[in-house]
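Below, each chain spelled out in residue letters.
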Amino acid sequence: MEKRIINPWKWQNERSYVQAVEVIKPEGTLYVSGQTAIDSDGKSSTGDMKTQLVKSIENLEKVIKESGYECKNIVRLNIYTTSSEELFTCFDIFQNWITKHNIKQTSTLLEVKNLFETLKIELEVTVVK
């Protein structure tokens, strides 16, 4: 598999995403449902945004790893949140995770009225191999 990053500008680099990713000859593509702060017993978190973001990332990593893929090959990441204002108070956690795995992904951030039960954030990705 080959990946080519397309960034006509530089401003997006500070925001932890790219404008486009071209994937040539992938061996496989993994479409991951939105991962949230739900524990292994299926209980939704009632924690704050930071706590839920950390748990959502952990759950996302678990699904990717158990599928035989790697976080560094995430090419699309959509973020759904009930409060972008609250998310941006802990956005450094997300950006540090992106940097740690050297992820170069396209992204969309959407603020939504509600998520399931008490959830505040959901991360949905596409990963290639």
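From a predicted model like this one, the values you see are computed outputs, not experimental measurements. (Residues numbered from 1 in each chain as written. Predicted model: local features only at pLDDT ≥ 70, side-chain atom pairs only at ≥ 80, totals over all residues. Heavy atoms only, no water.)

**Re the overall build of the chain**
When helices and strands are counted, the chain shows 3 helices and 6 strands. Mapped from its N terminus to its C terminus, the chain presents α and β elements in the order β-β-β-α-β-α-α-β-β. For a compact globule of 129 residues, the expected C-alpha radius of gyration is about 14 Å, and the chain comes in at 15 Å, within 12% of that figure. Across its three principal axes, the chain shows a C-alpha extent of roughly 40 × 35 × 25 Å. A fraction of 76% describes how many contacts in the chain between residues 6 or more apart in sequence connect residues 24 or more apart. Total accessible area on the chain is roughly 7,700 Å²; 47% of this is exposed by carbon and sulfur atoms. Seen as two clouds, the 17 positive and the 18 negative side-chain charges of the chain have centres 5 Å apart. (Helix = DSSP H or I, 4+ residues; strand = E, 2+ residues; numbered from the N terminus. Rg over C-alpha atoms; globule rule 2.2 N^0.38 Å. Contact = heavy atoms within 4.5 Å. Areas by Shrake-Rupley, 256 points an atom, 1.4 Å probe, with all protein chains shown as cover. Lys, Arg positive; Asp, Glu negative; His and termini not counted. Charge placed at Lys NZ, Arg CZ, Asp CG, Glu CD.)

**Some points on the environment of Gln-52**
Residue position: Gln-52 is located in helix H1 (residues 49-66). Along the chain, Gln-52 and Phe-88 lie 36 residues apart, while their C-alpha atoms are 13 Å from each other.

**Section: the nonpolar core**
Within the largest apolar cluster, 24 residues are counted, with the highest numbers of intra-cluster contacts made by Ile-64, Ile-74 and Trp-97. Only strand E3 (29-35), H1, strand E4 (74-81), helix H3 (91-101) and strand E6 (121-128) provide two or more residues apiece to this core. Beyond its immediate sequence surroundings of up to four residues, Trp-97 is in contact with Ile-57, Leu-60, Glu-61, Cys-71, Ile-74, Leu-77 and Ile-103. (Core = buried A, V, L, I, M, F, W, Y, C linked by side-chain atoms within 4.5 Å. Buried < 20%, exposed > 50% of the residue type's maximum accessible area, 1.4 Å probe, protein only.)

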